[in-house]
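Commentary on secondary and tertiary structure
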Amino acid sequence: MRTEWMAHLCGLCLALKGDHGQFARIATNYDGLVISVLVEAQSSREEAGAWRRTAGPCPLRGMRSAPVAQGEGARLAASVSLVLASAKMRDHVADGDGVLARRPVAAVARRVAAGWDRAGARTGSELGFDTAVLVDAVERQAGIEALVRTGTPLLEVTEPTETATAAAFGYTAVLAGKPANRPPLEEAGRLFGRLAHLLDAVEDLTEDARTGAWNPVAATGTDLAEVRRLCDDAVHGVRLALREVEFASKAQGRLAHLLLAHELERSVERTFAGGGCATGHGRAGHGQDEHGQGGHGQAGHRGAFGAPPQMPPPPAPPEPPRRRGLIAGCLVWTGLFCTGQVCCKDPYHDPWDGRPREGWCAKCCDNCDGCGNCDGCDNCCNCCQCCGEDGGGCCDGCDCGCDCGC
């Protein structure tokens, strides 16, 4: 799963470079790769195989080549990422953030953002996707935030975010030739956007209070317990929507399921256990004036995808490639085996070429999603936490492949 995730992340980066130039690669983001993952997960194995190529060495991969995603899924992800990045850049210019408060720098940034808008729209048009819905959502965000007062429903603030992500998720079904998947994917995208926006707000709560920046949780005076309830409901709704999606196969849908069913739940747990909720205040009202308004400079700051869904960070760059011969490699392999690394270390480095390899014990539970919660090779249920305190709700009816008959 880690290798597949990196393939889509690198594919998004290279799609931005290929269509829009080197500088556009700074728009690469973790959330955008979900678009590429969904397109591939709905495509036949033959089509999915065609949407892979071997990329050359890259410093971020330790100067190694690697399989990366290509084709319409990666290009759609690039188009969405570029348009949203341009909107965020315009926001920062309008807010006068950092060096963008200087007029010459702001002028350059506006030109870059305008160029990205046109480039993203052009790629979207080539794929049949109208990026105007994304631009409209971001533009409406600022107006909605300007009207927020204490007591305003929090979901009114997240609506533009939800609309944009619903459109992007839904169009993956069109690209994959699965129009029946569009409604459930739009619902999953809507809730994904809501969750990204809310988690971003909670993570920024302490810092925004310190700087006086606008924050939706603080501006609406929403209790953090209510924010947590909205997040949990969104996670549950995404799972229900995914049950209605027809992936090409369980294997191809596994990464999408891991990201949208399991990883989102972990994101909520990590966020509410972290700095955003460590303030010790049931209500977030710091940094507001007497009308419940803070510095409105952050209007629209979160864009349509918000903060990353707390994906695990990319693995550390691998060690430089080893070019061992057959005998030397066999000797190293024997040492790895005798010390248990081949069985239990995940990953261990291949004794011949140095590439990360999955430990044997990681494969003992067929179709495990790699969540790392196995108690042992004979307890596959714990991989998906099927028998948790929620009575099996986590994987009830899911396609992760675990045997939940415990």
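As a reminder, the structure under discussion sits directly above these lines.
Residues numbered from 1 in each chain as written. Predicted model: local features only at pLDDT ≥ 70, side-chain atom pairs only at ≥ 80, totals over all residues. Heavy atoms only, no water.

Moving on: the pairing of strand E2 (residues 64–69). The side chains of a regular strand alternate, residue by residue, between the two faces of the sheet. Taken together, the five bridges between strand E1 (residues 52–58) and E2 define a ladder with antiparallel strand orientation. The partner of Cys58 across the bridge, within E2, is Arg64. (Pairing = 2+ DSSP bridges. Helix = DSSP H or I, 4+ residues; strand = E, 2+ residues; numbered from the N terminus.)

Another aspect to go through is the packing of aromatic side chains. For any two aromatic rings, the description comes down to two numbers: the centre-to-centre distance and the angle of the planes. This model, assessed by the stated rule, comprises four aromatic pairs. Pairing Phe169 with Phe192 gives two aromatic rings, centres 5.3 Å apart and planes at 35°, and the pair type is tilted. Separated by 23 residues along the polypeptide, Phe169 in helix H7 (residues 154–175) and Phe192 in helix H8 (residues 182–211) bring together distant segments of the chain. Assigned by exposure class, Phe169 and Phe192 land together as buried. Across from the ring centre of Phe272, 5.3 Å away, lies the NZ or CZ of Arg228, which sits over that ring. (Phe/Tyr/Trp six-rings, centres within 6.5 Å; stacked < 30°, edge-to-face > 60°. Buried < 20%, exposed > 50% of the residue type's maximum accessible area, 1.4 Å probe, protein only. Lys NZ or Arg CZ within 6 Å of the ring centre and 35° of its normal.)

This brings us to the pattern of salt bridges. Within the structure shown, the criterion is met by 18 salt bridges. The partner of Arg52 in a salt bridge is Glu40, and the shortest N-O contact between them spans 2.5 Å. Taken as a pair, Arg52 in strand E1 and Glu40 in helix H2 (residues 33–42) lie far apart in primary sequence, 12 residues in all. For the pair shown, Arg52 and Glu40 are each scored as buried. We note a salt bridge from Arg210 to Glu207, for which the minimum N-O separation is 2.4 Å. Here Arg210 and its partner Glu207 are both found in helix H8, three residues apart, which amounts to about one turn of the helix. One continuous salt-bridge network, built from bridges that share partners, spans Glu162, Glu187, Arg190 and Arg194. (Salt bridge = Lys/Arg side-chain N within 4 Å of Asp/Glu carboxyl O.)

In the contact formed by helix H10 (residues 224–243) and helix H11 (residues 250–273), the axes pass within 9 Å of each other and the chain directions differ by 170°. With respect to each other, H10 and H11 are oriented roughly antiparallel. Between H10 and H11, the residues in contact are Leu224, Val227, Arg228, Cys231, Asp232, Val235, Val238, Arg239 and Leu242 and Leu260, Ala261, Leu264, Glu265, Val268, Glu269 and Phe272, respectively. Of the residues that constitute the contact of H10 with H11, the class distribution is 11 nonpolar, no polar and five charged. (Axes fitted to C-alpha atoms, helices over the stretch in contact; angles between N-to-C directions. Parallel < 35°, antiparallel > 145°, perpendicular 65-115°, else oblique. Contact = heavy atoms within 4.5 Å. Nonpolar A, V, L, I, M, F, W, Y, C, P; charged D, E, K, R; others polar.)

To continue, consider the state of the cysteines. Evaluated as defined, the whole model comprises zero disulfides. The structure places no disulfide on Cys13, whose sulfur is separated from the nearest cysteine sulfur, that of Cys58, by 6.6 Å. Overall, the relative accessible area of 16% leaves Cys13 in the buried class. (Disulfide = S-S within 2.5 Å.)

Here the focus is the environment of Leu230. Position of Leu230 relative to the elements: it lies in helix H10. The spacing of Leu230 and Arg194 is 36 residues in sequence and 8.7 Å in space, taken between C-alpha atoms. Apart from residues no more than four positions distant in its own chain, Leu230 is found in contact with Leu154, Leu155 and Leu198.

All we've got here are geometric facts, nothing functional implied.
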